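Secondary and tertiary structure notes
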Amino acid sequence: MTTATNEYPTKAYGATAPDSGVGPMQITRRGLRHDDVLIEITHCGICHSDLHSARNDWGGTTYPIVPGHEIVGTVSAIGDSVTRHAVGDRVAIGCMVDSCLECSHCEADLEQYCKSGGMTGTYNGTDRRDGTQTFGGYSERIVCREEFVLRLPASLPSAEAAPLLCAGITSYSPLRTWKVGPGSKVAVAGLGGLGHMGVKLAAAMGAEVTVLSRSESKRDDAAKLGAHAFLNTEDKAAMKAARGTFDMVLNTIPVRHDVVPYLHLLRIDGVQVLVGLIGPMPEIHTGVLLGRKVLTGSGIGGLAETQEMLDFCAEKNILPEIEVIAMQDIAAAYDRMEASDIKYRFVIDMESLRAA
Ligand code: NAP
Ligand code: ZN
């Protein structure tokens, strides 16, 4: 377990079939390559994408799958050419563990859109060098190329930092891309893991923020999280009254749904950014778009932007609202996430897996 050339037997939790649920399994982490870092995972957030992937909601899941891409831990060994990280450093990994780092997208710090085969996902990806499947953060440790390991600012507590690695950056990136700041009116659709970070981050950037939610019970929370207004999407009159008023709708809803009511909320040249992974959309009449509304999507964020987001959250003291659970409680956590019964992100304390 301590020499750099050995493989590392590792306890993990994963799914073996769409209906298997997530349960204990043993995996092997590769021995360190020159540019690899070995990380003992202390915390891993639970993203709705984990649930989609474990159940093969999008197709394309290769079993067994070990989910988890909101990873925080401590470096316990490094390859012999590693310069960015040292043993003992507190570090983090998000949704990608590799890309070509040479194409024009990677050169532009957009590794998530790597033109050479796409980014290598932290889980359900294929290692670019040896063709093995990647396994995610529901595990004791992980081995990762040093460039894809992020530095954790000292003031960010490990458990709270974990959700920043996906929920945080996926909300942060579109806010920056479309230059949200003082004077911007931003609406966040779906107040879950991504949505609550979208509210906090947009408010910290100086925007006026409105929560769009089906759940009247979240009205008070929205204000506590920093939103200036709450719009119940079931209230048709209120939705109509709000037409044409927003610069951006950040749509985090994780199921197939009609995006047209959210397009109506945009002013001319306003943009609806879909970050919820919803698969094929119901038809949209182009007449809606002729109002010069922009409909687009956004995937996580690049390495530099993710580091920038971590530093921004440290500086502004922006932390996710979390509920820490044991690895063994994953099934109940998935059920509650599906029922939108989590305020607002589960984080697994990986000591529970070590102790098992
Ligand atoms: P989450 O914590 O479950 O939150 C989703 C929220 O959407 C819920 O809290 C709920 O908010 C709303 N919602 C849920 N079911 C709904 C339904 N049937 N109809 C309308 N609204 C519903 O999920 P998450 O982790 O934030 O992830 C959200 C989506 O983003 C997932 O599809 C995930 O796969 C995707 N994702 C994308 C990226 C990317 O790079 N683009 C990265 C990470 C995740 P209310 O109760 O307020 O309505
Ligand atoms: Zn995610």
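Scoring rules and cut-offs
Residues numbered from 1 in each chain as written. Chains lettered and ligands numbered in written order. Predicted model: local features only at pLDDT ≥ 70, side-chain atom pairs only at ≥ 80, totals over all residues. Heavy atoms only, no water. Helix = DSSP H or I, 4+ residues; strand = E, 2+ residues; numbered from the N terminus. Contact = heavy atoms within 4.5 Å. Core = buried A, V, L, I, M, F, W, Y, C linked by side-chain atoms within 4.5 Å. Buried < 20%, exposed > 50% of the residue type's maximum accessible area, 1.4 Å probe, protein only. Domains from an automatic or database assignment. Buried area = accessible area lost by both parts, 1.4 Å probe. Donors = N, O, S within 2.8 Å, 3.2 Å for Na, K, Ca; no water. Salt bridge = Lys/Arg side-chain N within 4 Å of Asp/Glu carboxyl O. Phe/Tyr/Trp six-rings, centres within 6.5 Å; stacked < 30°, edge-to-face > 60°. Lys NZ or Arg CZ within 6 Å of the ring centre and 35° of its normal. Pairing = 2+ DSSP bridges. Near = heavy atom within 4 Å. Polar contact = N/O pair within 3.5 Å; in protein donor to acceptor, adjacent residues only side chain to side chain. Areas by Shrake-Rupley, 256 points an atom, 1.4 Å probe, with all protein chains shown as cover. Axes fitted to C-alpha atoms, helices over the stretch in contact; angles between N-to-C directions. Parallel < 35°, antiparallel > 145°, perpendicular 65-115°, else oblique. Nonpolar A, V, L, I, M, F, W, Y, C, P; charged D, E, K, R; others polar.

**Things to note about the side chain of serine 49**
With respect to the element layout, serine 49 can be found in helix 1 (residues 48-54). Discounting residues that sit within four places of it in the chain, serine 49 has contacts with Trp58, His69, Tyr123 and Leu277.

**Comments concerning the nonpolar core**
If you look at the biggest cluster of nonpolar residues, it comprises 90 residues, and the most contacted ones within it are Ile46, Tyr138, Leu156, Leu201 and Ile330. By residue number, the principal contributor to this core is helix 10 (residues 303-316), which donates six residues. Looking at which domains feed residues into this core, each of domain 1 (8-166 + 321-355) and domain 2 (168-297) gives three or more. Counting residues in each nonpolar core, the second largest holds 18 residues, with Ala189, Leu263, Leu265 and Leu274 among its members.

**Let's talk about the domain arrangement of the chain**
What the domain assignment lists for the chain is domain 1 (8-166 + 321-355) and domain 2 (168-297). Its C-alpha centre places domain 1 at a distance of 28 Å from the equivalent point of domain 2. Taken together, the contacts link 13 residues of domain 1 with 17 residues of domain 2. Together domain 1 and domain 2 conceal approximately 1,300 Å² of surface at their shared face, both sides included; 51% is due to carbon and sulfur atoms.

**Some thoughts on the coordination of the zinc ion (ligand 2)**
The protein atoms that coordinate the zinc ion (ligand 2) are Cys47 (SG), His69 (NE2) and Cys166 (SG), at distances of 2.0 to 2.2 Å. Spacing between the donor residues of the zinc ion (ligand 2) along their common chain follows C-x21-H-x96-C. Of this pair, cysteine 47 sits in the loop between strand 3 (36-45) and helix 1 while cysteine 166 sits in the loop between helix 3 (158-161) and helix 4 (167-177), and the two are 119 residues apart along the sequence. Summarising the burial analysis for this pair, cysteine 47 and cysteine 166 share the class buried.

**Here's the deal with the pattern of salt bridges**
The final tally for this structure, using the stated rule, is 22 salt bridges. Arginine 129 is the partner of aspartate 35 in a salt bridge, and the nearest nitrogen-oxygen pair spans 2.7 Å. With a gap of 94 residues between them, aspartate 35 in the loop between strand 2 (23-29) and strand 3 and arginine 129 in the loop between strand 7 (120-121) and strand 8 (141-145) connect regions that are remote in the sequence. Judged by its relative accessible area of 15%, aspartate 35 is buried. Of the charged contacts in the structure, one is a salt bridge between glutamate 147 and arginine 145, with a shortest N-O distance of 3.1 Å.

**Describing the packing of aromatic side chains**
Evaluated as defined, the whole model comprises one aromatic pair. When the ring centre of phenylalanine 312 is taken as reference, the NZ or CZ atom of arginine 176 above it lies at 5.1 Å. A cation over a ring is seen here: lysine 185 above phenylalanine 246, with NZ or CZ 5.5 Å from the ring centre.

**Focus on the pairing of strand 10 (residues 185-189)**
The buried fraction of strand 10 amounts to four of the five residues, a majority that puts the element mostly inside the structure. In this sheet, strand 13 (residues 246-251) lies alongside strand 10 in parallel orientation, the contact comprising four bridges. Directly across from alanine 187, in strand 13, lies its bridge partner valine 249.

**Quick word on the site of ligand 1**
As a matter of local geometry, ligand 1 sits amid 29 residues, with His48, Ser213, Ser215, Lys218 and Arg345 nearest to it. One nitrogen or oxygen atom from the side chain of lysine 218 is found 2.6 Å from an oxygen atom belonging to ligand 1. In the model, a nitrogen atom of ligand 1 is placed 2.9 Å from a nitrogen or oxygen of the serine 298 main chain. With the chains in place, 90% of the 920 Å² that ligand 1 exposes on its own is no longer accessible.

**Regarding the packing of helix 4 against helix 10**
The N-to-C vectors of helix 4 and helix 10 enclose an angle of 100 degrees; their axes lie 10 Å apart at closest approach. As summarised for this structure, helix 4 and helix 10 are arranged roughly perpendicular, according to the angle between their axes. Seen from helix 4, the contacting residues are Gly168, Ile169, Tyr172, Ser173 and Arg176; seen from helix 10, they are Glu305, Thr306, Glu308, Met309 and Phe312. Its residues placed into classes, the contact of helix 4 with helix 10 shows four nonpolar, three polar and three charged.

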